[in-house]
Amino acid sequence: MSTLQRVFPFLSWPAQWRVAGVRGDIAAGITVALVMIPQALAYAKLAGLPPHVGLYAALVPAVVAALFGSCSQLSTGPVALTSLLVAASIAPLGGLASGDVIGLALLLALLSGLIQLALGVLRLGWLLNLLSVPVLMGFVNAAALIICLTQIPPLLGLTMPHSQHLMLDFAQALGGVADLHPAAVGFGLGSLAALVALKRLWPRLPGVPLVVAAATAISAWTGFAAGGGAVVGDVPGGLPELGLPPLRLELIAALLPAAFVVAMVSFMEAASSAKLISGRTREPWRQDQELIGQGLAKIAAAFTSGMPVSASFSRSALNFASDARTGLSSIVTAAFVLLALLYLTPLLWHLPKPVLAAIILQAVAGLMDFKVLVRAWRASRDDGAGAAVTFLATLAFAPNIQNGIFTGLILSLALMVYRGMRPRAALLGLHEDGTYRDRERFGLPHPHPQLVILRFDSPLSFVTAATFEDAMLDAARAQEGVKIVLVSGAGINDIDATGLHTLAGLIERFNAQGQSIAFCGLKKQVIDAMERDGVWARVKAQASYRTEHQALDALLAALAKG
């Protein structure tokens, strides 16, 4: 791939068209559009925005992401998790913005897009890996559960209040069960049942557009709106207006933390799709380039009356399964969204709102995977605790779920530091296979009455220096008459100033008590640092051994002479 194609990935499309043609892209684009249009309406509603904002977000941003992203099969537009984050971020600031929730959504799109663009341009995408998978899944599962709770009342035609206490709002909404609208319940539950049945029995059929078309027709025929049922109503047609978000300093300061969360979570959702697809196509995807594409898509949404967008896992999977090979499929999808905006919006007037709730519930159910949390607990108690705390914190902070992800991020970093401060240090003995292994695990004796071997499985840094010092002192007392502690340094990949200072102090202490320190298996970068600090000259005579066997032969011979 040339440098120009790396910067502008769409320049590589013609070469792929010459091999595979464009039929797959066109067919996939049409298929995804049938799902995108009703989902865009539903996710805008989930974000607390007018339905047409979702269609605007599925237009220009989808094209920009396709042009500049590295994974051609990603389908970018409104998604459930990002929409919930938008709702949680802008709802508390409605008073500060004089009720301009659309303006807040546009500013959030701009800020989160700039964050992603900066991370991509500066090649800092690795920063987003600071959130561990168990913590992220704890947040995703909690957020999916919250989405389901917020959609159950509208599914039944009930009104749900919006305060700072989600569970109280949910209970209050269900308390109005006496005011159930029978027709709304029928549309909501019937649509949900139809969507589930179509997905399980006839997965190749476009279930979402079929259910939407049928429900809209039945709503118009039965006079659902005239009978008091909630419908989408007027959806403005035509092209979105170009403009600037409200660039007020107090709004920017208030939204910046939420913008970071949206940038992080939405990209992780996009990255999970890209990794899955690239694994199947065996074509590499570039994290930093995808950050640029997703960031530019959000910025495009900010200037075209949209909302923060991301790559949809379900639509991207559908795009790939429908034989999309390049971003042309996303351009075809955007073209059909444009046609809907220009000519089809009057047909959406009778679409019942309970149907939109059913679409959201059916899509979000796939995000919940509690087995991941169980596996995290089995693999590591720390990871399991991190996932559980993030899950509970997200529920407790709801509807301000961005606080839940901040809790998870802080916890993830804290656990990383905690684990880093407790590296494994093991005393070794000679195993029957001829290698030196953990003597405690395998029940092995020390290699010699006057010598012990310590393996340290971590860089020797300011985080681990205290643990290394304690392990060395314990090794010196591991048995009576220890003269030499041999450090097996194969696991020490790096050493910093604190590590060198600690090592120098240990050398002096050991010499003062008639003992010595030897090393084997030290790596070049560690030796280089020791040479620059002057420590190497003090240990070189007993630190150039490559293996435990070589070190023992020389050290035991010296002990025998000594």
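Asks: I would appreciate a short explanation of the environment of Gly489 in the present structure.
Replies: Locating Gly489 in the fold gives a position in the loop between β6 (484–488) and α22 (497–512). If sequence neighbours within four positions are ignored, Gly489 has contacts with Cys520, Gly521 and Leu522.

Asks: I keep staring at a nonpolar patch on the surface and nothing clicks. Help me out?
Replies: A contiguous nonpolar surface patch, about 980 Å² in accessible area, is contributed by Val22, Ile26, Ile30, Leu34, Leu239, Phe336, Leu339, Leu342, Tyr343, Leu344 and Leu347. Elements that contribute at least two residues to the nonpolar patch include exactly α3 (23–46) and α15 (328–344). The element contributing the most residues to the nonpolar patch is α15, with five residues. In this structure, Ile30 sits in helix α3.

Asks: Teacher, can you tell me more about the pairing of strand β3 (residues 425–430) here?
Replies: Looking along a regular strand, one sees side chains alternate from face to face of the sheet. Inspection of the sheet shows β3 paired to strand β5 (residues 451–456) by four bridges, in the antiparallel sense. Among the inter-strand pairings, Ala425 is bridged to a residue of β5, identified as Phe456. With three bridges joining them, β3 and strand β4 (residues 436–438) adopt antiparallel strand pairing. By the bridge assignment for β4, Leu430 is matched with Tyr436. Joining the antiparallel neighbours β3 and β4 is a turn of five residues, in which Gly434 adopts a positive phi near 90 degrees.

Asks: Just checking my understanding: could you explain the pattern of salt bridges for this structure?
Replies: Where charged atoms from two side chains of opposite charge approach closely, those side chains can pair. Within this structure, the stated rule accounts for eight salt bridges. Between Glu250 and Arg248 there is a salt bridge, and its shortest N-O distance comes to 2.8 Å. Close ionic contact of Asp474 with Arg477 constitutes a salt bridge, the shortest N to O distance being 2.9 Å. Owing to a relative accessible area of 47%, Asp474 belongs among the partly exposed residues under this scheme.

Asks: Would you mind going over the nonpolar core with me for this structure?
Replies: General note: in soluble globular proteins, nonpolar side chains tend to be found buried as a group. Of all hydrophobic cores here, the largest spans 105 residues; its most connected members are Phe139 and Ile401. Per-element tally for this core: the top contributor is helix α12 (residues 249–281), with 14 residues. Excluding its chain neighbours within four sequence positions, the residues that come into contact with Phe139 are Leu81, Leu85, Val265, Thr390, Thr394, Ile401, Gly404 and Ile405. Formed by 32 residues, the second largest nonpolar core is a distinct cluster that contains Ala475, Val487, Phe519 and Ile527.

Reading guide: rules and limits
- Residues numbered from 1 in each chain as written.
- Predicted model: local features only at pLDDT ≥ 70, side-chain atom pairs only at ≥ 80, totals over all residues.
- Heavy atoms only, no water.
- Helix = DSSP H or I, 4+ residues; strand = E, 2+ residues; numbered from the N terminus.
- Contact = heavy atoms within 4.5 Å.
- Patch = residues over 30% accessible without salt bridge, like charges linked within 9 Å, V, L, I, M, F, W, Y side chains within 5 Å.
- Areas by Shrake-Rupley, 256 points an atom, 1.4 Å probe, with all protein chains shown as cover.
- Salt bridge = Lys/Arg side-chain N within 4 Å of Asp/Glu carboxyl O.
- Pairing = 2+ DSSP bridges.
- Buried < 20%, exposed > 50% of the residue type's maximum accessible area, 1.4 Å probe, protein only.
- Core = buried A, V, L, I, M, F, W, Y, C linked by side-chain atoms within 4.5 Å.

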